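Residue strings, one per chain:
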Amino acid sequence: MRLLSNARLARIDGKSAHYAVSEPLSLVMRGDRIAWIGAADALPDDFAGAVPHDLGGRIVTPGLIDCHSHIVFGGDRAREFEMRLEGASYEEIARAGGGILSTVTHTREADEAGLLASALPRVDALLAEGVTTLEIKSGYGLDIETEIKMLRVARRIGQERRVTIRTTWLAAHALPPEYRDDRAGYLRDVVIAGMERAHAEGLIDAVDGFCEGIAFTRDEMAQVFDHAARLGLPVKLHAEQLSDLGGAAMAAKHGALSADHLEYLGADGIKAMAASGTVAVLLPGAFYTLRETQLPPVQALRDAGVPIALASDCNPGSSPLSSLLLVMNMAATLFRMTPSECLAGVTAHAAHALGLSDRGRVAVGSRADLAVWNITHPAELSYRIGFNPLHARIYGGEFA
């Protein structure tokens, strides 16, 4: 057991996303759970033997949760970024070997050791900012063997580092060249057949897809989701990033954990998400990198009571970002979210987006994943740019 004393706890109201900061309190962690919270002079005798740690009045939040990432991939696309800034079109970049298929090629060529070695520095950057739970998607293999390879590497990250990893099957990310003229065959032979195999190997926690004009239709994704349901797997969806195809509403009708991106989300999608409890995951890193101008409908989501989460979307193309603190600042600055909404977005609502009810809050019975900060007010976490005030990361009741 460990006793944290002189801790100012940032408590988050999951419905309103408002937070309140307590006066200095004590908190007991027994195993990987929070066992008690209260005034120091009210410590029950049962916890008298807990190892003490005086936090000196520092603010404690839940450990941060990155609920949408593509952090395992081969190669990089820095030259593509440079070409875009030099005026090259998407078509010119694609002809030069860029775009998602560039990442697919490098990911297929890499072995598991290479993918792990390249991913760990990005993971470490997130952990250094207090992240304790991280979602990782496949989606850069577009064949069964590489998709499964990516998920095996994601599971390895959870063994190499003290972080909870949630894995997501994203074979329905793009159409590979070998299936250019056989969309139905790709869905059947790779997306669904691979889902069954990866599920049998215990590699999938959820199923995702990209519903967009350049990817897969709403009906195609509904077919994938129907199969996920038969396997008992929860679903989520990249939706309404570039246009409103009704993907979010379809996902909500399938009970999706989340719909992500959502810049072009309309009223029907918002209504469906509110009814199903589907979380809106906003990804300001992609909005920033792609220099988008269509803002996600934050106020309409607020008005409808849809929970709003935030995530890094860490990927080599549209969001080469591995800082949740920067995500919070971007959401506040670009999307006009409040600092309390931003903190809820990377804690309580991010946990909801992963279907995890045991974390994201500082409460008795919750998992003892915590972040201790050298700040005077939680708003600093969204306010500062390029500054990391983390004092300590606690994972499963232990200082990590």
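Everything numeric in this text was worked out from a predicted model, so none of it was measured.

**Observations concerning the overall build of the protein**
Step number 1: Each helix and strand in the protein was counted, giving 15 helices and 17 strands.
Step number 2: Taking 400 residues into account, the globule formula puts the C-alpha radius of gyration at 21 Å, and the protein, at 21 Å, falls close to it.
Step number 3: With the C-alpha coordinates of the protein rotated into their principal frame, the extents come out at 70 × 45 × 45 Å.
Step number 4: Taking all 400 residues of the protein together, 58% fall into the buried category.
Step number 5: Across the protein, every contact between residues at least 6 apart in sequence was considered, and the portion connecting residues at least 24 apart equals 71%.
Step number 6: As displayed, the protein has an accessible area near 15700 Å², and 51% of this comes from carbon and sulfur atoms.

**Observations regarding the sheet that holds strand β11 (residues 236-239)**
Step number 1: The sheet built from eight strands is open, its strands ordered β7-β8-β9-β10-β11-β12-β13-β14 with parallel pairing. Each edge of the sheet is formed by a strand with only one pairing partner; in this case those strands are β7 (64-66) and β14 (308-310). Pairs of neighbouring strands in the sheet enclose a mean axial angle of 25 degrees, with direction left out of account.
Step number 2: The pairing of strand β12 (residues 258-261) with strand β13 (residues 279-282) spans three bridges and is parallel.

**A look at the UniProt feature "binding site: 4-imidazolone-5-propanoate" (unreviewed entry) in the protein**
Step number 1: Cross-referencing UniProt, the feature "binding site: 4-imidazolone-5-propanoate" (unreviewed entry) maps to Arg77, Tyr140, His173, Gln241 and Ser318 in the present numbering.
Step number 2: Along the polypeptide, tyrosine 140 turns up in the loop between β8 (131-137) and α5 (144-160).
Step number 3: Tracing the backbone shows serine 318 in the loop between β14 and α12 (324-335).
Step number 4: Apart from residues lying up to four places away in sequence, serine 318 is in contact with Gly285, Ala286, Thr289, Leu290 and Asp313.

**What to know about the UniProt feature "binding site: Zn(2+)" (unreviewed entry) in the protein**
Step number 1: When the UniProt feature table is mapped to this numbering, "binding site: Zn(2+)" (unreviewed entry) covers His68, His70, His238 and Asp313. These annotated residues cover 246 residues of sequence, and their C-alpha atoms lie no more than 12.3 Å from one another, placing them together at a single site.
Step number 2: If you trace the backbone, histidine 68 turns up in the loop between β7 and α1 (78-85).
Step number 3: Leave out the neighbours within four places in its chain, and histidine 68 touches Glu135, Lys137, His238, Asp260, Val281, Leu283, Ala311, Ser312, Asp313 and Cys314.
Step number 4: Here the side chain of histidine 68 touches histidine 70 through a polar contact of 3.1 Å, side chain to side chain.
Step number 5: For histidine 238, the location among the structural elements is in strand β11.
Step number 6: By relative accessible area, which is 3% here, histidine 238 ends up buried.
Step number 7: Contacts of histidine 238, omitting those with residues within four sequence positions, involve His68, His70, Lys137, Leu170, Asp208, Gly209, Phe210, Cys211, Asp260 and His261.
Step number 8: Only 3.4 Å separates the side chain of histidine 238 from the side chain of histidine 70, close enough to count as a polar contact.

How each quantity is defined
- Residues numbered from 1 in each chain as written.
- Predicted model: local features only at pLDDT ≥ 70, side-chain atom pairs only at ≥ 80, totals over all residues.
- Heavy atoms only, no water.
- Helix = DSSP H or I, 4+ residues; strand = E, 2+ residues; numbered from the N terminus.
- Rg over C-alpha atoms; globule rule 2.2 N^0.38 Å.
- Buried < 20%, exposed > 50% of the residue type's maximum accessible area, 1.4 Å probe, protein only.
- Contact = heavy atoms within 4.5 Å.
- Areas by Shrake-Rupley, 256 points an atom, 1.4 Å probe, with all protein chains shown as cover.
- Pairing = 2+ DSSP bridges.
- Axes fitted to C-alpha atoms, helices over the stretch in contact; angles between N-to-C directions.
- UniProt positions renumbered as here; feature names shortened; annotations may be inferred.
- Polar contact = N/O pair within 3.5 Å; in protein donor to acceptor, adjacent residues only side chain to side chain.

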